[in-house]
Amino acid sequence: MNGTVTCRGLVYIYRLEGYDVVALGGVDLDIAPGESVALLGPSGSGKSTLLSLLAGLIRPAAGRATVGETDLAKASESDLARMRATEVGVVLQGAERNLLPYLTAEQNVRFAQRAARSHGVADLPAPRDVLALVGLLGVRGRLRQRPHELTPGERQRLALAVALAHKPGLLLADEPTSQLDSVARDEVIAALESVRRAGTTVVVVTHDPEVGAGMGRQVTIRDGRVGGEGRLGEEFAVVGRDGSVHLPPDVLALLPPGTRLRVHARPDGTVLLAPAHAAQPGSAVVVADEYEPEDGAAAYSRRGQIVPDYSREVA
Ligand SMILES: Nc1ncnc2c1ncn2[C@@H]1O[C@H](COP(=O)(O)OP(=O)(O)OP(=O)(O)O)[C@@H](O)[C@H]1O
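Residues numbered from 1 in each chain as written. Predicted model: local features only at pLDDT ≥ 70, side-chain atom pairs only at ≥ 80, totals over all residues. Heavy atoms only, no water.

An unreviewed UniProt entry annotates the protein as ABC transporter ATP-binding protein originating from Catellatospora aurea.

This next bit is on the overall build of the protein. In terms of regular secondary structure, the protein is built from nine helices and 15 strands. Out of the 315 residues belonging to the protein, those deemed buried represent 46%. Residue pairs at least 24 apart in sequence account for 56% of intrachain contacts in the protein once pairs closer than 6 positions are excluded. In the form shown here, the protein has an accessible surface area of approximately 15600 Å², with 52% of it arising from carbon and sulfur atoms. (Helix = DSSP H or I, 4+ residues; strand = E, 2+ residues; numbered from the N terminus. Buried < 20%, exposed > 50% of the residue type's maximum accessible area, 1.4 Å probe, protein only. Contact = heavy atoms within 4.5 Å. Areas by Shrake-Rupley, 256 points an atom, 1.4 Å probe, with all protein chains shown as cover.)

What follows concerns the packing of helix α3 (residues 105-118) against helix α5 (residues 152-163). Contact pair α3 / α5: the axes reach a minimum separation of 8 Å and the direction vectors enclose 25°. Taken together, the axes of α3 and α5 are roughly parallel relative to one another. Of the two elements, α3 crosses α5, and the hand of that crossing is right-handed. Where α3 approaches α5, its residues Ala105, Asn108, Val109 and Ala112 are matched on the opposing element by Leu158, Ala161 and Val162. (Axes fitted to C-alpha atoms, helices over the stretch in contact; angles between N-to-C directions. Parallel < 35°, antiparallel > 145°, perpendicular 65-115°, else oblique. Left-handed = near helix turned anticlockwise from the far one by under 90°.)

Around the ligand lies a shell of 13 residues, among which Ser43, Gly44, Lys47, Ser48 and Thr49 are the nearest. The separation between an oxygen atom of the ligand and a polar main-chain atom of Gly44 is 2.8 Å. Take Lys47: an N or O atom from its side chain is 2.8 Å from an oxygen atom of the ligand. Alone, the ligand offers 630 Å² of accessible surface; in the complex the protein occludes 63% of this. Put simply, the parts of the chain that give the shell around the ligand at least two residues each are β1 (5-16), β2 (19-31) and α1 (47-54). Here the shell around the ligand is built from residues that sort into five nonpolar, seven polar and one charged. (Near = heavy atom within 4 Å. Polar contact = N/O pair within 3.5 Å; in protein donor to acceptor, adjacent residues only side chain to side chain. Nonpolar A, V, L, I, M, F, W, Y, C, P; charged D, E, K, R; others polar.)

Below, the structure is given as structure tokens:
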């Protein structure tokens, strides 16, 4: 088990006839072993592409990405096959795509262990233990049933069990709760939390804010880059390697694309973004960090808030 993920300036381009689509335009991301991370963001922002890269299913066009010890740009095809068989578990979107329909639940997990065995992994978990981890053991004889006999939520948890059959350090799941009702979704969230507690790093692509909230970190992908990050209920913008920052939508409404900004680093560690056209007392400014003036004047207050600019008065 390792489960570390490192991305530096990661780029991916879909080459189509006549034109290219830059799906990832420089992703910088570090994920530590045992973390659970939700990849959120608008449709088409690059979440699934990032997941496919981490799974070694496609290759970076530029930049670096490592999963555990494997350098995804440099690894051979057989290195990537070994990584998937031993270190990474992948759940594709749509539970059925991960399952063999003619095998029972237990047989599906057992079958999934073959690849790891052929790569020399000896200490594989008992299929029943894997099914217990995702909450499928002891549910009305589910072990002997085939995928179509399970409920949609159970089928999705079986897909998780299949991905976990070789006890990978990293679990990658694409939309594991799509088309589930809220009860089944909560069971999947609970299963993912059990997996994380058992020591596996969990990375989930999701549109569902409830799933996002169930993960320790929420990383928002926008336009093929990391646009922001949530931790412990607080939202942060993330500075890119080129110095760019995705402004949150409420700030962007005040500072539309093309706005000229004066950027001032302040001695107290805060940063002031003042629009060139409106840097007068009483105009809008963005305060990037907490600042309470010593004289107690209500000026730059809580993190990320847009407040009136009293800077001249304070000065
Ligand atoms: N096979 C493909 N061929 C060409 N372009 C693709 C392909 N897959 C994705 N893209 C494009 O790459 C960009 C990123 O797509 P991706 O599927 O990674 O986004 P996403 O955030 O996962 O979207 P969604 O939430 O809708 O699944 C989009 O512009 C998409 O149209």
